[in-house]
Amino acid sequence: MTAVLAVLSIVTIPLPTGVPVTLQTFAMAFCGYVLGWKLGGASSALYLILGAIGVPVYAGMSGGFGALLGPAGGFIFGFIPMAMLCGAGIKKASGQTIRFGIAGLAVCHAFGVVQFSIVTGNTIPASFLAVSVPYIVKDVISVVVAEILGVAVRKALSAAHVMNSEPQHNHRAFLKNQKIKTRDRHPDNLPGVCLFLFCQADIRNPLRYLPDSVKVFRSSSGYLKNVQNAFHTVSKF
């Protein structure tokens, strides 16, 4: 999803204010609606980090800390709470979902206006008129369209069992059947078990079984041997 954010950011219409017209607002809202507030926020944060270290993923294929500290940088920071609020509304009624998205948009614009005011030395009202008002209609439409498409995509993924709240396999039953216990010292298939547990994490909680994986893996004294046998072992699953 971070790649989608980067691609949609390439489409840019520059304006004299230094804050271009992009598809970022749509992309961030769509990200939140599809992934939920946790992964939506994480994807947006990853997008911010990639741009900060110099990867050209920001508007107009720009990147670096200079972009974050520039006139439009506040909007980039505001994308994270925006995606999270959009994601937080996916389990609400239809009208509530849109309200959460609009609330996220308002937070994003607040970040943008405040930073623009600080960087340019303009007052908050003047900054609001310069970098928020001209974009409000376009951004509201973007959030609404993102909600419609995002909810549809999320339902399709759920129907395809890609976003099930529970994994298809019971990891504890699997361990029991394989006679694997955390106190066992030398089970040959520990790497496979660790990978199995980790891969069973559903899309909404990718670290769900990481603690179990760590406990099982740490119970073995043959770390290096297990790592060396990992590729051979995982083929059994």
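Please refer to the structure placed before this passage.
In this text the structure is predicted, and so the values were computed from the model without any measurement.

## Things to note about the side chain of Ser 142
Turning to step 1, where the next piece is worked out: Considering the arrangement of structural elements, one finds Ser 142 in helix H7 (residues 133-159).
Turning to step 2, where the next piece is worked out: Ser 142 sits in the buried class, given a relative accessible area of 11%.
Turning to step 3, where the next piece is worked out: Other than its neighbours up to four places away in sequence, Ser 142 contacts Thr 25 and Phe 26.

## Side note on the layout of surface pockets
Using a probe with the size of a water molecule, rolled over the atoms, empty space left in the structure can be pinpointed.
Turning to step 1, where the next piece is worked out: In this structure, the largest pocket spans a volume of roughly 280 Å³.
Turning to step 2, where the next piece is worked out: In terms of lining, the largest pocket is formed by 21 residues, of which the most central are Val 19, Pro 20, Gln 24, Ala 72 and Phe 75.
Turning to step 3, where the next piece is worked out: Within the residue set of the lining of the largest pocket, elements represented by two or more residues are helix H2 (24-52), helix H4 (73-88), helix H5 (94-120) and H7.
Turning to step 4, where the next piece is worked out: By residue number, the principal contributor to the lining of the largest pocket is H4, which donates four residues.
Turning to step 5, where the next piece is worked out: Class assignment of the residues belonging to the lining of the largest pocket gives a composition of 12 nonpolar, seven polar and two charged.

## Things to note about the pattern of salt bridges
Turning to step 1, where the next piece is worked out: Enumeration over the complete set of coordinates arrives at one salt bridge.
Turning to step 2, where the next piece is worked out: Between Asp 139 and Lys 138 there is a salt bridge whose closest N-O contact spans 2.7 Å.
Turning to step 3, where the next piece is worked out: What makes Asp 139 buried here is its relative accessible area of 5%.
Turning to step 4, where the next piece is worked out: Overall, the relative accessible area of 26% leaves Lys 138 in the partly exposed class.

## Describing the packing of helix H6 (residues 124-131) against H7
Turning to step 1, where the next piece is worked out: Where H6 meets H7, the axes come as close as 4 Å, and the angle between the chain directions of the two elements is 50°. Between H6 and H7, the interaxial angle falls into the category oblique. For the pair H6 and H7, contact is made by Phe 128, Leu 129, Ala 130 and Val 131 and by Val 133, Pro 134, Tyr 135 and Ile 136, respectively.
Turning to step 2, where the next piece is worked out: Broken down by class, the residue content of the contact of H6 with H7 amounts to eight nonpolar, no polar and no charged.

## What to know about a nonpolar patch on the surface
Turning to step 1, where the next piece is worked out: Judged by side-chain polarity, Val 137, Ile 141, Val 144, Val 145, Ile 148 and Leu 149 come together as a nonpolar surface patch covering roughly 500 Å² of accessible area.
Turning to step 2, where the next piece is worked out: With respect to the helices and strands, Val 145 occurs in helix H7.
Turning to step 3, where the next piece is worked out: Val 145 sits in the partly exposed class, given a relative accessible area of 35%.

## Points about the environment of Phe 116
Turning to step 1, where the next piece is worked out: Along the chain, the position of Phe 116 falls in helix H5.
Turning to step 2, where the next piece is worked out: The spatial distance from the C-alpha of Phe 116 to the C-alpha of Ser 127 is 6.4 Å, given a sequence separation of 11 residues.

## Observations regarding H2
Turning to step 1, where the next piece is worked out: Taking 1.5 Å of rise per residue, the 29 residues of H2 would be expected to cover 42 Å, yet its terminal C-alpha atoms sit only 16 Å apart, more than 12% below that figure.
Turning to step 2, where the next piece is worked out: At Gly 36, H2 is deflected by roughly 135°, the largest bend along its length.
Turning to step 3, where the next piece is worked out: In terms of burial, H2 is a largely internal element, 22 of the 29 residues being buried.
Turning to step 4, where the next piece is worked out: Downstream of H2 by one or two residues, Gly 54 has phi in the positive range, about 110°.

## Things to note about the environment of Ile 13
Turning to step 1, where the next piece is worked out: Looking at the secondary structure, you find Ile 13 in strand E1 (residues 12-13).
Turning to step 2, where the next piece is worked out: Sequence-wise, Ile 13 and Gly 60 are 47 residues apart; in three dimensions their C-alpha atoms are separated by 8.5 Å.
Turning to step 3, where the next piece is worked out: Ignoring sequence-local partners within four residues, the contact set of Ile 13 consists of Pro 20 and Val 21.

## As for the side chain of Thr 22
Turning to step 1, where the next piece is worked out: Relative to the assigned elements, Thr 22 resides in strand E2 (residues 21-22).
Turning to step 2, where the next piece is worked out: With a relative accessible area of 8%, Thr 22 lands in the buried category.
Turning to step 3, where the next piece is worked out: Looking at Thr 22, its side chain comes within polar contact range of the side chain of Gln 24, at 3.1 Å.
Turning to step 4, where the next piece is worked out: Not counting residues within four places of it along the chain, the set of residues in contact with Thr 22 comprises Val 11, Thr 12, Ala 59 and Lys 138.

## As for the state of the cysteines
Turning to step 1, where the next piece is worked out: What the rule picks out here adds up to zero disulfides.
Turning to step 2, where the next piece is worked out: With no disulfide of its own, Cys 31 lies 9.3 Å from the sulfur of Cys 86, the closest cysteine sulfur.
Turning to step 3, where the next piece is worked out: What makes Cys 86 buried here is its relative accessible area of 0%.

Calculation notes
Along each chain, residue indices are assigned from 1 in the same order as the chain's sequence is written. Only residues with pLDDT of 70 or above have their local features reported here, since the model is predicted, and side-chain atom pairs are shown and tallied only from 80 upward, although totals for entire chains, interfaces and linings are computed over all residues. Where side-chain values are given, they derive from all heavy atoms of the structure, hydrogens and water being excluded. Helix and strand assignments come from DSSP, with helices taken as H or I runs of at least 4 residues and strands as E runs of at least 2, each series counted from the N terminus. Partly exposed residues are those whose accessible area sits between 20% and 50% of the maximum for their type, while under 20% is buried and over 50% is exposed, using a 1.4 Å probe and protein chains only. Only heavy atoms enter the contact rule, under which two residues are in contact if any of them lie within 4.5 Å. For cavity detection a 1 Å grid was placed over the protein atoms alone, and a set of points counts as a cavity when a 1.4 Å probe fits there but cannot get out; an open set counts as a pocket when protein lies on both sides within 12 Å along at least five of seven lines, with lining residues being those that have an atom within 4 Å of a point. Grid points are joined across faces, edges and corners, and a volume is the space filled by probe spheres set on the points. Basically, the charged four are Asp, Glu, Lys and Arg, the nonpolar ten are Ala, Val, Leu, Ile, Met, Phe, Trp, Tyr, Cys and Pro, and anything else, Gly included, counts as polar. The term salt bridge refers to a side-chain nitrogen of Lys or Arg lying within 4 Å of a carboxyl oxygen of Asp or Glu. Think of each axis as a best-fit line through the C-alpha atoms, taken over the contacting stretch in the case of a helix, with angles from 0 to 180 degrees between the N-to-C directions. Angles below 35 degrees are treated as roughly parallel, those above 145 as roughly antiparallel, those between 65 and 115 as roughly perpendicular, and all remaining angles as oblique. By definition, no residue in a patch forms a salt bridge, and every one has over 30% relative accessible area; like charges are joined within 9 Å, nonpolar side chains (Val, Leu, Ile, Met, Phe, Trp, Tyr) within 5 Å. Here the open area of atoms and residues is found with the Shrake-Rupley method and a 1.4 Å probe, where only the protein chains shown may cover a residue. One less than the number of residues in a helix, times 1.5 Å, gives the span that helix is expected to have. The angle between axes fitted to the seven residues ending at a residue and the seven residues starting there is what we call the bend at that residue. Counting of polar contacts relies on pairs of N or O atoms within 3.5 Å, with two restrictions inside protein: one atom must be capable of donating a hydrogen and the other of accepting it, and residues adjacent in sequence are counted only when both atoms are side-chain atoms. Defined by distance alone, a disulfide is two cysteine sulfur atoms within 2.5 Å.

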